[in-house]
Amino acid sequence: MFKISAAPALQKKLNNPDKYYPPEVCQELNQFLEILKRDGHLSKTDFYDVNTNEISGVTCNLFYRPDFANNEVLIIEVKVKPADVFRQRFKIVDEWDDKNVVESIPQYDKPAKIVKPVELINQGVTDSYELGYKLGHRGKKKEYISRHGQYAKHTLEQLTLITRTRHGNQWVIELTEKGRLIAEALNDQLRFRLLIEAMLNYSPVWRVIAAVTERESQLNNELVLDEQLIKNLAFPEILRGADTSNRRSQTLKNWIKWISRYSGIPMRIHNGGVQLSIPMLYAEGATDENANT
């Protein structure tokens, strides 16, 4: 048997992985560690460098150094692959045409508030002014309130939660199947899970998550989720300095942070390397089958 050791911060995580890693990662990580305890190495290991081996898993990469003379394996790092964890847990279609998506990115950056307009539209509230007013917005002019209703509808349309069809001089607003599932969900847990799935199937959000994952799974080469990274991924260079890109990149950042908090799947958000993670809300249970219907 080999002794598994690590630096204190990492050892703390390995001693209690359920607290620090998503369930999908824990399952795979436990399998790796069991083999390392038994054999001191894995047969399909990649050599990261002269002294370090890399195990490339589905949801994480594990870096380690075996010491056969002392029957010990030093774990260097466990790198979570967020996009691959999301793929396992949610139904995601990540094939889009490569096109300019600047004009489609919403400026509605309060994810938890997206549910309310879905419920209102399900009740028949589709007029922009009435929608904005029932969402709690007030203003000196009617158009100020209507603008908030328009923002809400634009966001729902981009997330494919509603459709807008022109009939003569009027636009008819209807919930999609995804929107209806959110409006009729029995509890907030399922409601937010469905919203997360809708956000992950929104091209600008997924592009950022996939790009961060690609680098974050490496040992010493990480991307940090900030506004500049989002601008570089979602906006053409000529528009990255515009106020519009600033507001919309902030929206995407807030959405991704919210997704990370509510799913418990960590994303690197600043140079300090702090990752967002909470106990899982959606890891198991009957809601999984319903959510992916």
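Residues numbered from 1 in each chain as written. Predicted model: local features only at pLDDT ≥ 70, side-chain atom pairs only at ≥ 80, totals over all residues. Heavy atoms only, no water.

Trainee: Quick one: what's the story with the pairing of strand β3 (residues 53-56), residue by residue and with numbers?
Mentor: Sheet topology note: the β3/strand β4 (residues 60-67) ladder contains four bridges and is antiparallel. Counterpart to S56 in the pairing with β4 is N61. The antiparallel hairpin formed by β3 and β4 contains three residues in its connecting segment. (Pairing = 2+ DSSP bridges. Helix = DSSP H or I, 4+ residues; strand = E, 2+ residues; numbered from the N terminus.)

Trainee: Describe in detail the pattern of salt bridges, supporting the description with residues and values.
Mentor: By the definition in use, this model includes nine salt bridges. With a shortest N-O distance of 2.8 Å, R38 and D39 are connected by a salt bridge. Judged by relative accessible area, R38 falls into the exposed class, the value being 53%. Measuring nitrogen to oxygen at the nearest pair gives 3.7 Å for the salt bridge that ties E119 to R191. Of the two residues, E119 is situated in helix α5 (residues 115-122) and R191 in helix α9 (residues 188-200); the sequence distance between them amounts to 72 residues. Classification of E119 by relative accessible area gives partly exposed; the value is 21%. Residue classification places R191 among the buried positions, given a relative accessible area of 10%. Salt bridges linked by common partners bring E119, D188 and R191 together as one network. (Salt bridge = Lys/Arg side-chain N within 4 Å of Asp/Glu carboxyl O. Buried < 20%, exposed > 50% of the residue type's maximum accessible area, 1.4 Å probe, protein only.)

Trainee: Outline the nonpolar core, listing residues and values.
Mentor: In terms of nonpolar packing, the biggest core is built from 71 residues, with L62 and I75 touching the most fellow members. The biggest single contributor to this core is α9, with eight residues. In contact with L62, not counting residues within four places along its chain, are L29, F32, L33, L36, N53, E54, I55, I75, E77 and V78. (Core = buried A, V, L, I, M, F, W, Y, C linked by side-chain atoms within 4.5 Å. Contact = heavy atoms within 4.5 Å.)

Trainee: Tell me about the environment of L62, and please be specific about residues and values.
Mentor: Relative to the helices and strands, L62 resides in strand β4. In the structure, L62 is positioned 29 residues away from L33 in sequence and 9.5 Å away in space, judged by C-alpha atoms.

Trainee: Run through the packing of aromatic side chains, naming residues and quoting values.
Mentor: Applying the stated criterion across every chain yields a total of seven aromatic pairs. An angle of 40 degrees between the planes, with centres 4.9 Å apart, marks the rings of W258 and Y262 as tilted. Of this pair, W258 and Y262 both sit in helix α12 (residues 243-263), four residues apart, which is roughly one turn of the helix. A relative accessible area of 7% places W258 in the buried class. Among the aromatic residues, those joined into a cluster by ring pairs are F192, W258 and Y262. Over the ring of Y133 we find R138; its NZ or CZ atom is 3.5 Å from the centre of that ring. One Lys or Arg, K142, reaches over the ring of Y129 and ends 5.2 Å from the middle of that ring. (Phe/Tyr/Trp six-rings, centres within 6.5 Å; stacked < 30°, edge-to-face > 60°. Lys NZ or Arg CZ within 6 Å of the ring centre and 35° of its normal.)

Trainee: Explain the state of the cysteines to me, and be specific about the residues and the numbers.
Mentor: Counted by the stated rule, this structure contains zero disulfides. Counting only cysteine sulfurs, C60 is the nearest neighbor of C26, a cysteine outside any disulfide, at a range of 9.2 Å. Looking at C26, the relative accessible area reads 3%, which means it is buried. (Disulfide = S-S within 2.5 Å.)

Trainee: So, the confidence of the model for the chain: which residues are in play, and what are the values?
Mentor: Model confidence for the chain is summarised by a mean pLDDT of 82, while 78% of its residues fall at 70 or above. Ignoring residues within four places in sequence, the model shows residues 98-102, a span with pLDDT below 50, making 11 contacts including any to other chains. For residues 271-293, every residue scores under 50 in pLDDT, and the model assigns this stretch 52 contacts once sequence neighbours within four places are set aside. (pLDDT = per-residue confidence, 0-100.)

Trainee: So what's going on with the side chain of T52? Residues and values would help.
Mentor: Its place among the elements puts T52 in the loop between β2 (46-47) and β3. There is a polar contact of 2.9 Å between the side chain of T52 and the side chain of R65. (Polar contact = N/O pair within 3.5 Å; in protein donor to acceptor, adjacent residues only side chain to side chain.)

Trainee: Break down unusual backbone geometry for me, with residues and values.
Mentor: A positive phi is found at N71, a non-glycine position, where the angle reads about 50 degrees. By secondary structure assignment, the location of N71 is in the loop between β4 and β5 (72-80). Residue N71 is classed as partly exposed on the basis of its relative accessible area, which comes to 38%. The backbone of T160 shows a phi angle near 55 degrees, a positive value even though the residue is not glycine. Here T160 is to be found in the loop between α7 (142-158) and β6 (162-167).

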